[in-house]
Amino acid sequence: MSAETSAVPGQFTRRRLQFRAWRGSRPFWAGLFVLLAGWPIMYFPYAHLRVGHLTLAMSTTAGAGSLIIGVLLVVLGISLWFQKHIRVFAGVASILLGLVSLPVSNFGGFLMGFLLALFGGAMAVSWAPGVPPAPKDAEDADGPDAVGESNDLSGTSPANGANGRHSAG
């Protein structure tokens, strides 16, 4: 068996399209940003950087708090991928955890984790599932006047029961 025929033809394309469909049906990028926000918040309080023969310890007194915030952000990011119905809760929680990380863990992982948590949380709160496109009929090709519908966009036509009045809810 040669190296050129190791996979079934089209399998990579099919897997890529499956991943693309999966990614499009949930707040993928929001989850990725929130997940990535947890790593610098967890890492920097426990980091020991070496500059020549000098060891620079970044540990703080709130190292356990940084670890908890980072782990919660990673869990929220994974939850956004696999449980898209909790997107508002996870988004608000990640924004709050990002804000709490400023005083607790080295300015929120030197602002990297803080900014990623804010952007990811905002994306999670604002994400909405897409609406599948309506099937295109032969009657719809001529436009709204061909079917007999009015071209009135004000919402006050007698056909919808408004009779010139706007409803408040």
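Residues numbered from 1 in each chain as written. Predicted model: local features only at pLDDT ≥ 70, side-chain atom pairs only at ≥ 80, totals over all residues. Heavy atoms only, no water.

**Describing the confidence of the model for the protein chain**
For the protein chain, per-residue confidence averages 80 on the pLDDT scale, and 72% of positions sit at 70 or higher. Taken element by element, the predicted model of the protein chain shows its lowest mean pLDDT in helix α7 (residues 144-147) (52) and its highest in helix α6 (residues 112-126) (94). (pLDDT = per-residue confidence, 0-100. Helix = DSSP H or I, 4+ residues; strand = E, 2+ residues; numbered from the N terminus.)

**Let's talk about the packing of aromatic side chains**
The final tally for this structure, using the stated rule, is six aromatic pairs. The interplanar angle of 80° and the centroid separation of 5.1 Å between the aromatic rings of Phe28 and Trp29 together place this pair among those described as edge-to-face. Take Trp29: its relative accessible area is 44%, and that puts it in the partly exposed class. An aromatic cluster is built from Phe19, Trp22, Phe28, Trp29, Trp81 and Phe82, whose rings are joined through pairwise contacts. (Phe/Tyr/Trp six-rings, centres within 6.5 Å; stacked < 30°, edge-to-face > 60°. Buried < 20%, exposed > 50% of the residue type's maximum accessible area, 1.4 Å probe, protein only.)

**Digging into the nonpolar core**
Within the largest apolar cluster, 13 residues are counted, with the highest numbers of intra-cluster contacts made by Val34, Ile69, Leu73, Leu76, Leu80 and Leu97. At the level of elements, α2 (28-43), α3 (63-82), α4 (87-104) and α6 are the ones that each hand at least two residues to this core. Residues in contact with Val34, not counting those within four places in the same chain, are Leu73, Leu76, Gly77, Leu80, Ser94, Leu116, Gly120 and Gly121. (Core = buried A, V, L, I, M, F, W, Y, C linked by side-chain atoms within 4.5 Å. Contact = heavy atoms within 4.5 Å.)

**Here's the deal with the packing of α2 against α6**
Put simply, α2 and α6 touch, their axes get as near as 7 Å, and they point 160° apart. Here α2 lies roughly antiparallel to α6, going by the angle between them. Handedness of the crossing formed by α2 with α6: left-handed. From α2, Trp29, Ala30, Phe33, Val34, Leu36, Ala37, Pro40 and Ile41 reach across to α6, where they touch Met112, Gly113, Phe114, Leu116, Ala117, Phe119, Gly120, Gly121, Met123 and Ala124. Here the contact of α2 with α6 is built from residues that sort into 15 nonpolar, three polar and no charged. (Axes fitted to C-alpha atoms, helices over the stretch in contact; angles between N-to-C directions. Parallel < 35°, antiparallel > 145°, perpendicular 65-115°, else oblique. Left-handed = near helix turned anticlockwise from the far one by under 90°. Nonpolar A, V, L, I, M, F, W, Y, C, P; charged D, E, K, R; others polar.)

**Regarding the environment of Ile69**
Counting through the fold element by element, Ile69 comes out in helix α3. Separated by 25 residues in the primary sequence, Ile69 and Ser94 place their C-alpha atoms 9.2 Å from one another. Excluding its chain neighbours within four sequence positions, the residues that come into contact with Ile69 are Ile41, Leu97, Val100, Ser101 and Val104.

**Side note on the packing of α3 against α4**
At their nearest, the axes of α3 and α4 sit 10 Å apart, and the two run at 160° to each other. Classified by the angle between their axes, α3 and α4 sit roughly antiparallel to one another. The element α3 and its partner α4 pack so that their crossing is left-handed. Taking contact as the criterion, the partners of Gly65, Ser66, Ile69, Leu72, Leu73, Leu76 and Leu80 in α3 are, on α4, Arg87, Phe89, Ala90, Ala93, Ser94, Leu97, Val100, Ser101 and Val104.

**A short note on the environment of Gly70**
Examined against the element boundaries, Gly70 turns out to sit in helix α3. For the pair Gly70 and Ala37, spaced 33 residues apart in the sequence, the C-alpha separation amounts to 7.4 Å. The contacts of Gly70, once residues within four sequence positions are left out, are Gly38, Ile41 and Met42.

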